[in-house]
Amino acid sequence: MIEVEQLHKHYGSTQAIKDVSFSVEKGEILGFLGPNGAGKTTTMRILTGYLPASSGTARVAGFDVHEQSMDVRQHIGYLPETPPLYGEMTVEGFLHFVARIKGVSAGDRPKRVDVSIQQCGLSDRRKNLIRKLSKGYRQRVGIAQAIVHDPPVIILDEPTVGLDPRQIIEVRNLIKSLAGNHTIILSTHILPEVSMTCSQVAIINRGQLVATDRLDNLMEHLTGGTYYDIEVGGGVDGVETAIGSYLGYLPNLRSVDPLPRTDLPEDRYRFRINVEPGSEPGSEIAKAILEGKLNLYEMRRSRASLEDVFLQLTTEEKIAAPVPDENADADTGVDIDTQVVDADVEPEVAEEPREETPDPHESETTPDANRQSDG
Ligand SMILES: Nc1ncnc2c1ncn2[C@@H]1O[C@H](COP(=O)(O)OP(=O)(O)OP(=O)(O)O)[C@@H](O)[C@H]1O
């Protein structure tokens, strides 16, 4: 549904994006994740046909974004960082206006406006003036204008910035509910947004993609996945041999490796048990150890978080093992979905002042108010 090949964009001497390639299948949500200034907005604006690339190609719903930009805009719904809304219009008046601009026939408009109002939870605000709405409701109107012409592809640039926590949850749920029927790119610098909403992730840093994969694959490949560290002792002779025989028959175990015994009493041992991605064998491991007459002094699960992966990919440090999850015991580790980390990482390169690049299309739906800023 979306195919991007070797996109480059220069603003004068600033190379905003370099050799960016990725694709998104129908019905998927791709999280386009990167720190400030990484090139997300630039990529989104090229994909929506509002900004020409310096080189490379992109196709959306089968149309070339450069050669067929009008077709692309018919097939895309775009929520820019600052949604172009007209405060003096009512919600439904504005949506009728956008539907007309987007080429929805006069006969279909009332139904499309109703559907988008309903999908975005705006039914009890449809007669309200947009300027009187809260920020969260205005963001819903921004999403409604992006879907009013029922486009197969939706591109959302930082859709939850500036919302309160309750509004953030509502907008994320709304985005998730749109997947399946729509293919979505969600551009964001907020890590949990990706883990909560997206099936795939593309991480961009300093204009270059540093990873594209399914979220679960990415985390397993980059960090070595999940493991349990245990401390055992007592009970039997030859603990190092015994532990292998106790655990050897359990499914989902990849390896059991001894760890250094620094600072341990003489009869204690530490092991790292690497397990298959997605498995949760903590209880079985504990049971096998206790049934084997060993004492279990400590057991801790560690797993990579999206934050680990992101930091690994957007800093130049060597890839490290996942940090032990201090809050997790054998079976109640913290899932990535429950972590709330807003990594507002500044790029290490100094940014050059932005050029004003005239955008002949930007005002298509923004005759006067709230023009989109270069994000
Ligand atoms: N119109 C412009 N003229 C000159 N430089 C620009 C322009 N727009 C963006 N840039 C530069 O291109 C780079 C990428 O910017 P872009 O806005 O695409 O990043 P971003 O990932 O969307 O960042 P943010 O999350 O802060 O919006 C930055 O170095 C930025 O300063």
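Look up a bit, the structure's there.
All of these numbers come straight from a predicted model, not from anything done at the bench. (Residues numbered from 1 in each chain as written. Predicted model: local features only at pLDDT ≥ 70, side-chain atom pairs only at ≥ 80, totals over all residues. Heavy atoms only, no water.)

Participant: Quick one: what's the story with the pattern of salt bridges, residue by residue and with numbers?
Facilitator: For the coordinates displayed, the defined rule picks out 15 salt bridges. With its nearest N and O atoms 2.8 Å apart, the salt bridge here joins E88 to R131. Pair noted here: E88 is in the loop between β6 (76-79) and α3 (91-101) and R131 is in the loop between α4 (109-119) and α5 (135-147), with a separation of 43 residues, a long-range link. Accessibility expressed as a relative area gives 57% for E88, which makes it exposed. One salt bridge connects D124 with R125, and the closest N-O pair in it is separated by 3.1 Å. Residue R125 is classed as partly exposed on the basis of its relative accessible area, which comes to 23%. (Salt bridge = Lys/Arg side-chain N within 4 Å of Asp/Glu carboxyl O. Helix = DSSP H or I, 4+ residues; strand = E, 2+ residues; numbered from the N terminus. Buried < 20%, exposed > 50% of the residue type's maximum accessible area, 1.4 Å probe, protein only.)

Participant: Please set out the packing of α5 against helix α6 (residues 165-178) residue by residue, giving values where relevant.
Facilitator: Following both chains from N to C, one finds α5 and α6 inclined at 15 degrees, their axes separated by 10 Å at the closest point. Regarding the angle of α5 to α6, the classification is roughly parallel. The two elements α5 and α6 meet at a crossing, and its hand is right-handed. Here G136, R140, I143 and I147 of α5 come into contact with α6, specifically with Q167, E170, V171, L174 and L178. Across the contact of α5 with α6, the residue classes tally to 5 nonpolar, 2 polar and 2 charged. (Axes fitted to C-alpha atoms, helices over the stretch in contact; angles between N-to-C directions. Parallel < 35°, antiparallel > 145°, perpendicular 65-115°, else oblique. Left-handed = near helix turned anticlockwise from the far one by under 90°. Contact = heavy atoms within 4.5 Å. Nonpolar A, V, L, I, M, F, W, Y, C, P; charged D, E, K, R; others polar.)

Participant: Break down the nonpolar core for me, with residues and values.
Facilitator: The biggest cluster of nonpolar side chains holds 47 residues, and the ones touching the most others in it are F94, L95, L122, V141 and I203. Of all the elements, α3 adds the most residues to this core, at 6 residues. Those residues in contact with L122, other than ones at most four positions away along the chain, are V91, I117, Y137, R140, V141 and A144. Counting 27 residues, the second largest nonpolar core, distinct from the first, contains M44, L51, A58 and I185. (Core = buried A, V, L, I, M, F, W, Y, C linked by side-chain atoms within 4.5 Å.)

Participant: Describe in detail the packing of aromatic side chains, supporting the description with residues and values.
Facilitator: The final tally for this structure, using the stated rule, is 5 aromatic pairs. Ring-pair connections join several aromatic residues into one group, and the members of that group are Y86, F94 and F97. If you follow R125 out to its NZ or CZ, it ends over the ring of Y137, 4.2 Å from the centre. If you follow R261 out to its NZ or CZ, it ends over the ring of Y269, 4.2 Å from the centre. (Phe/Tyr/Trp six-rings, centres within 6.5 Å; stacked < 30°, edge-to-face > 60°. Lys NZ or Arg CZ within 6 Å of the ring centre and 35° of its normal.)

Participant: Before we move on, could you go through helix α10 (residues 282-291) and cite the residues and values that matter?
Facilitator: Where α10 is concerned, the buried positions are G282, I285, A286, A288 and I289. The arc enclosing the buried residues of α10, seen along the axis, measures out at 165 degrees, which places them on a common side. Facing away from the buried side of α10 by more than 90 degrees, the exposed set consists of K287 and E291. Those residues of α10 that are buried lie in contact with β11 (227-233), α9 (239-247), β12 (253-258), β13 (268-275) and β14 (295-302). Once α10 ends, the next one or two residues include K293, with phi positive near 70 degrees. (Arc of directions from axis to C-beta.)

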